[in-house]
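What the coordinates show
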Amino acid sequence: MGNKLSKKFWLLIVALLTAMVLAACGGDSEEGSSDADGGGDGGTTDDGATKITAWAWDPNFNIAALNLANESYNGETEIELEIIENAQDDIVQKLNTGLSSGTMKGMPNIVLIEDQRAQSFLQSYPDAFYPIGDYFNTEDFAEYKIPPTSLDGKQYGLPFDTGATGFFYRTDYLEEAGYTHDDLVDITWAQFVDIAKDVKEKTGHPMLALDPNDLGILRVMMQTTGTWYTTEDGTINLVDNEPLKVALQHYKELMDNDLVKLVSDWSQYLAAFNSGDVASVPAGNWIAPSIEAEESQKGLWAVAPTPRLDMEGAANASNQGGSSWYVLNIDGKEAAAEFLGNTFGSNSDFYQSLLTDVGAIGTYKPASEGEAYQYENEYFGGQQVIYEISQWMEEIPQVDYGMNTYGIEDILSAEIQQYLSGKSLEDVLADAQAQAEAQFK
Amino acid sequence: MPGTHLVENLKNLFATVDIGTALMNSFIIAIITTFLTLLIGSLAGYGFEIYRTKGKDMVFNILLLSMMIPFAAIMIPLYRFFGQVSSVSPLIGIDTLAAAILPTIITAFFIFFFRQNTKMFAKELVEAGRIDGLSELGIFFRIYLPTMKTTYAAAAIIAFMNSWNNYLWPLVVLQSPENQTIPLLISNLGAGYTPDYGVIMTAIVIATLPTAIVFFLMQRHFVAGMMGSVKG
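Residues numbered from 1 in each chain as written. Chains lettered and ligands numbered in written order. Predicted model: local features only at pLDDT ≥ 70, side-chain atom pairs only at ≥ 80, totals over all residues. Heavy atoms only, no water.

Turning our eyes to something else, we now look at the overall build of chain B. When its secondary structure is counted, chain B shows 12 helices and zero strands. Counting from the amino terminus, chain B carries its helices and strands in the arrangement α-α-α-α-α-α-α-α-α-α-α-α. Each principal axis of the C-alpha distribution contributes one length, and for chain B these read about 65 × 45 × 30 Å. Sequence-distant contacts, at least 24 apart, represent 77% of the contacts inside chain B between residues at least 6 apart. Carbon and sulfur atoms provide 71% of the accessible area of chain B, an area that totals close to 12100 Å². The averaged location of the 11 negative side-chain charges in chain B is 12 Å from the averaged location of its 13 positive side-chain charges. (Helix = DSSP H or I, 4+ residues; strand = E, 2+ residues; numbered from the N terminus. Contact = heavy atoms within 4.5 Å. Areas by Shrake-Rupley, 256 points an atom, 1.4 Å probe, with all protein chains shown as cover. Lys, Arg positive; Asp, Glu negative; His and termini not counted. Charge placed at Lys NZ, Arg CZ, Asp CG, Glu CD.)

Here's what the structure looks like:
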């Protein structure tokens, strides 16, 4: 019996291995033939218009922006735009599957990709995207948007919204602690921590709310110096990353002195400032509508430039989030690129209505001279919030987000908990570096 | 009990998304999948148990091994396959309900499930059928199928539920909004920067109802069928 069983067992193992080897061999025979039989639509409709599909997320923001672009499009090629709405994670999953399979069937003409993910797509699927640098002038856009959206000197993405950050604060709390607006302009994060201590002592309010699982604030601090978790050539850069070290020290100091209100999800984060609990929100400008949602605090808010790390070359500007449009290398790519170039790529008036109708701040620099950008926001005591943000946007230090931002951050967030409970900073970074190198090499 | 905002949430739900189409698609996919799964799974399970062939157990073991391969591992080749099918026959290519159904209709689990339950089926009935002149398929449909009702009911619930809740494959293979299924629709509802939780919860309740109904309708058989597979 035993002998019979083991013979059978080995036969099975051999069969399984054969199957695996066969599967592995069949891989890359046709990898490059992606654009031949095309996906998307790219066909023409009965009235001669080119049919274009676009994938994006968030009906109130990105989808609304696409609809607006569709209305204001006035290029030569007639197009018919079909917008397909999906959650961002779903788009990532669908793109990865479709592009890995190499068939390009069912892929859209235009797709929205978050800047921090873009490089992983551009580098993993080199022939899948269509360079659209000829359809708009890259110099018209905020410089920090260019490295994430281009590869090997070719421009693949058309920059869309900005995540330019601001230091939104409660004027009443800060005044009580003895600070005026001028005291808060162009400060360093070290000063921010000191101010936070004062505010806590004099008003009893924590300075800001943070979700321990979201290291956004560290990225914001780091980018003020133009550094990231990886260097431009993709090397993982944690252990000798001076800005990251300083940022982590500030982070720990904020936590240790009880200057942070800890939250565990987005709705708690919103509630932390809507309820008047915390004194400030240093975050991407997209947080402004959520602040304004609380009518009763009208006139009690203002915004100052993002604090910088106290280092040479650091700017009082940073970024959190933001996405760009990409065109896939399939039939209809020229029409899709023309559509983007004609709207998001060059139309300043379009950006004015984008701001007033959708609330989206683009990264197209000439737009900031338009009328809508000069709006004096009563909620923020008459400050020209949008105009100021668009000015800071131009100063955001360039960073190459590389391929593994989110992966590295998962490793780091576990290590940071140990740092907070007493492990030394050097060990934390060395361990994180070793883990990241093992995982992403 | 429903809260005070049920009507409002329902109104918002119907105003923002086409839940009717999504329900319809989910029903079409789930019902066809369940039907084909039961048919093919039971035929195969019956065959494995009743007939004697050389190497039968070996084939069956390899089949069982296939249960260990996660779906995510075969998804990309599968997508590639359907991408190529699209060029030949668009009716079952990418972005069709057929493409969402075909890879899911048969899994080793159901063949195993039916084979185990067939062990309880009295083989003498097959002999009797043969003597009375029934064809082999006749024996299956007229004798086996009616006596195994509880097994079918249990398998139907599992197959329906799997298909109804299936997310990953429909997500990648279905592109147009008119082909969307319920889980995809719910995922989209939460996609905005400011999701409306009331509407999402309402949609989830609606999505849960059909599986709950199917379960309660077949509950008695389900328990009997599961017991059978344990005893077998």
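Once the structure has been displayed, the description carries forward.
Moving on, we come to a negative patch on the surface. Residue and element names in this part refer to chain A. Among the surface-exposed residues, Asp186, Glu369, Glu394 and Glu395 lie close enough to one another that they form a single negatively charged patch. Relative to the assigned elements, Glu369 resides in the loop between helix H14 (348-358) and helix H15 (385-393). The exposure class assigned to Glu369 is exposed, which follows from its relative accessible area of 58%. (Patch = residues over 30% accessible without salt bridge, like charges linked within 9 Å, V, L, I, M, F, W, Y side chains within 5 Å. Salt bridge = Lys/Arg side-chain N within 4 Å of Asp/Glu carboxyl O. Buried < 20%, exposed > 50% of the residue type's maximum accessible area, 1.4 Å probe, protein only.)

This paragraph deals with the UniProt feature "transmembrane region" (unreviewed entry) in chain B. Residue and element names in this part refer to chain B. Under the UniProt annotation, the feature "transmembrane region" (unreviewed entry) is placed at residues 22-46, 58-79, 91-114 and 197-218. Measuring from the first to the last C-alpha atom of residues 22-46 gives 35 Å, for a span that is 100% helix and 0% strand. Taken end to end, residues 91-114 has its terminal C-alpha atoms 31 Å apart, with 50% of it in helix and 0% in strand. (UniProt positions renumbered as here; feature names shortened; annotations may be inferred.)

All names here are of chain A. Strand order across the open sheet formed by five strands is E2-E1-E3-E12-E6, with mixed pairing between neighbours. In this open sheet, the two strands that pair with only one neighbour each are strand E2 (79-85) and strand E6 (157-159). Adjacent strand axes in the sheet meet at a mean angle of 25°, parallel and antiparallel pairs treated alike. Sheet topology places strand E1 (residues 50-56) next to strand E3 (residues 110-114); two bridges connect them, and they run parallel. Bridge pairing in E3 links Ala54 to Ile110. Against the sheet, helix H13 (residues 333-342) contacts E1, E2, E3, E6 and strand E12 (323-327), and its axis sits at roughly 150° relative to E12. (Pairing = 2+ DSSP bridges. Axes fitted to C-alpha atoms, helices over the stretch in contact; angles between N-to-C directions.)

Looking now at the packing of aromatic side chains. Residues and elements named next belong to chain A. Considering all chains together, one arrives at 42 aromatic pairs over all chains under this definition. Between Phe121 and Tyr125 the ring centres are 6.2 Å apart and the planes differ by 35°, which places this aromatic pair in the tilted class. Owing to a relative accessible area of 14%, Tyr125 belongs among the buried residues under this scheme. Among the aromatic residues, those joined into a ring-pair cluster are Phe61, Phe136, Phe141, Phe160, Trp325, Phe344, Phe350, Tyr351 and Tyr364. The aromatic ring of Trp55 is capped on one face by Lys94, whose charged end is 5.3 Å from the ring centroid. Lying over the aromatic face of Tyr173, Arg170 brings its terminal NZ or CZ to 4.3 Å of the ring centre. (Phe/Tyr/Trp six-rings, centres within 6.5 Å; stacked < 30°, edge-to-face > 60°. Lys NZ or Arg CZ within 6 Å of the ring centre and 35° of its normal.)

Turning to the environment of B:Asp132, a few remarks are in order. Residues and elements named next belong to chain B. One can find Asp132 in the loop between helix H7 (123-131) and helix H8 (136-147). You can call Asp132 exposed: its relative accessible area is 67%. Separated by 19 residues in the primary sequence, Asp132 and Thr151 place their C-alpha atoms 26 Å from one another.

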